[in-house]
Amino acid sequence: MDALSWWHAARDSLQRFVLPFRCLLCGGAGADGIDLCRDCAAELPRNRHCCARCALPLAESAALCGQCQRRPPPWDAAWVPFRYAWPLDRLETRFKFGADLAAGRVLSTLWLRETPWAERPELIVPVPLHRHRLRVRGHNQALELARPLAEAMRLPTSVAWLLRERGTAAQTELGALARRRNVRRAFVTKADVAWPGHVVLLDDVMTTGATLAECSRVLRRAGVKRIDVWALARAPIGHR
């Protein structure tokens, strides 16, 4: 066991002694080292059958769903281990909009316990927030999820190479076309950066994929050859 693993084990043992894990959903006793009980954890909606290109949930897994056949997204593959449904959506809402970092730790731990991505990238880039929204929210949920993954996989992350230079309306209440228009030309890459050939774009939830698509186009123009998209959860229905 290396020094970092020993520290994490010691920290978790001390936490269990001083402050036992409690389920963030039902209030029962936490299990398996997180603030989630086994019954609630068993209800988490895994995204086992999906499109390999955009992670859209399907009845059976496929290399390309109908949407991707008609209009391929500007990235190469996607890894999204959960569907955005009960009870994961409740944890995500608490984390993203309620600044509940305990919920964020549960979500990142759940992600780490999923089957690792087969092809190792060279860099993880969390989708950036505009500075005004970051100031209001107090944290970038994509960055908070990216850090534990990057640490476990021993990969670098960058928060300064891809920038959100234009503030946009919240995507939540917008349709697919309005989402694409909303994020158009919202992102830029930092000048004079030598991008690696294989980059991961990471976000918390993929709905229509509009934000990730716009980021992907910007990275393509910057010279990135392979772009994978990672997100914690995928909305069951989406139209790019």
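What counts as what
Residues numbered from 1 in each chain as written. Predicted model: local features only at pLDDT ≥ 70, side-chain atom pairs only at ≥ 80, totals over all residues. Heavy atoms only, no water. Helix = DSSP H or I, 4+ residues; strand = E, 2+ residues; numbered from the N terminus. Buried < 20%, exposed > 50% of the residue type's maximum accessible area, 1.4 Å probe, protein only. Contact = heavy atoms within 4.5 Å. Areas by Shrake-Rupley, 256 points an atom, 1.4 Å probe, with all protein chains shown as cover. Disulfide = S-S within 2.5 Å. Salt bridge = Lys/Arg side-chain N within 4 Å of Asp/Glu carboxyl O. Axes fitted to C-alpha atoms, helices over the stretch in contact; angles between N-to-C directions. Left-handed = near helix turned anticlockwise from the far one by under 90°. Nonpolar A, V, L, I, M, F, W, Y, C, P; charged D, E, K, R; others polar. Parallel < 35°, antiparallel > 145°, perpendicular 65-115°, else oblique. Phe/Tyr/Trp six-rings, centres within 6.5 Å; stacked < 30°, edge-to-face > 60°.

1. Points about the overall build of the protein
Of regular secondary structure, the protein possesses nine helices and seven strands. Within the protein, the proportion of its 240 residues that are buried is 48%. Residue pairs in contact within the protein that sit at least 24 positions apart in sequence constitute 70% of those at least 6 positions apart. Approximately 12300 Å² of the protein is accessible, and the part contributed by carbon and sulfur atoms is 55%.

2. Considering the state of the cysteines
Here the structure, examined in full by the defined rule, presents zero disulfides. Note on Cys68: no disulfide assigned, nearest cysteine sulfur contributed by Cys54 at a separation of 3.6 Å.

3. Remarks on the pattern of salt bridges
Applying the stated criterion to the full structure yields 10 salt bridges. The partner of Glu114 in a salt bridge is Arg48, with the nearest N and O atoms 3.0 Å apart. In this pair, Glu114 is assigned in the loop between helix H5 (101–112) and strand E3 (123–126) and Arg48 in the loop between helix H2 (38–42) and helix H3 (66–70), connecting sequence segments 66 residues apart. In this structure, the salt-bridge partner of Arg226 is Glu119, at a minimum N-O distance of 3.8 Å. Linking Arg226 in strand E7 (residues 226–234) with Glu119 in the loop between H5 and E3, this pair joins segments that are 107 residues apart in sequence. Overlapping salt bridges, with partners in common, bring together Arg46, Arg48 and Glu114 in one network.

4. Quick look at the side chain of Ser108
Relative to the helices and strands, Ser108 resides in helix H5. Here Ser108 falls in the buried class, since its relative accessible area comes to 7%. Leaving out residues up to four positions away in the same chain, Ser108 has contacts with Leu145 and Pro148.

5. Focus on the packing of H5 against helix H7 (residues 141–153)
Taken N-terminus to C-terminus, the directions of H5 and H7 make an angle of 40°; their axes are 9 Å apart at the nearest point. Relative to H7, H5 is oriented so that their crossing is right-handed. Contact with H5, carried on its side by Gly104, Leu107, Ser108, Trp111 and Leu112, involves Leu145, Pro148, Leu149 and Ala152 of H7 and no other residues of that element. Residues that form the contact of H5 with H7 fall into these classes: seven nonpolar, two polar and no charged.

6. As for the packing of helix H4 (residues 88–98) against H5
Look at H4 against H5: their axes get within 7 Å of each other, and the N-to-C directions meet at 135°. The angle between H4 and H5 places the two elements in the oblique class. As for how H4 packs across H5, the hand of that crossing is left-handed. Residue-level inspection shows Leu88, Leu91, Glu92, Arg94 and Phe95 of H4 in contact with H5, the latter providing Leu101, Ala103, Gly104, Val106 and Leu107.

7. Some remarks on the packing of aromatic side chains
For the structure shown, the criterion picks out five aromatic pairs. Seen from their ring centres, Trp117 and Trp230 are 6.4 Å apart, and the 65° between their planes marks the pair as edge-to-face. Of the two residues, Trp117 is situated in the loop between H5 and E3 and Trp230 in strand E7; the sequence distance between them amounts to 113 residues. Centroid distance Trp161 to Trp195: 5.3 Å. Interplanar angle 75°. Geometry classified as edge-to-face. With Trp161 in the loop between H7 and strand E4 (162–164) and Trp195 in the loop between strand E5 (187–189) and strand E6 (198–206), this pair connects stretches of sequence that are 34 residues apart. One aromatic cluster is present, formed by Trp79, Trp111, Trp117 and Trp230 through successive ring pairs.

8. So, unusual backbone geometry
Looking along the chain, the bond that leaves Trp86 and enters Pro87 is cis, with omega of 0°. Considering the arrangement of structural elements, one finds Pro87 in the loop between strand E2 (82–83) and H4. Within the chain, Ala99 stands out as a residue other than glycine whose phi angle is a positive 55°. Inspection of the secondary structure assignment puts Ala99 in the loop between H4 and H5. Accessibility expressed as a relative area gives 44% for Ala99, which makes it partly exposed. For Asp192, which is not a glycine, the phi torsion comes out positive at approximately 60°. Position of Asp192 among the secondary structure elements: in the loop between E5 and E6. Here Asp192 falls in the exposed class, since its relative accessible area comes to 82%.

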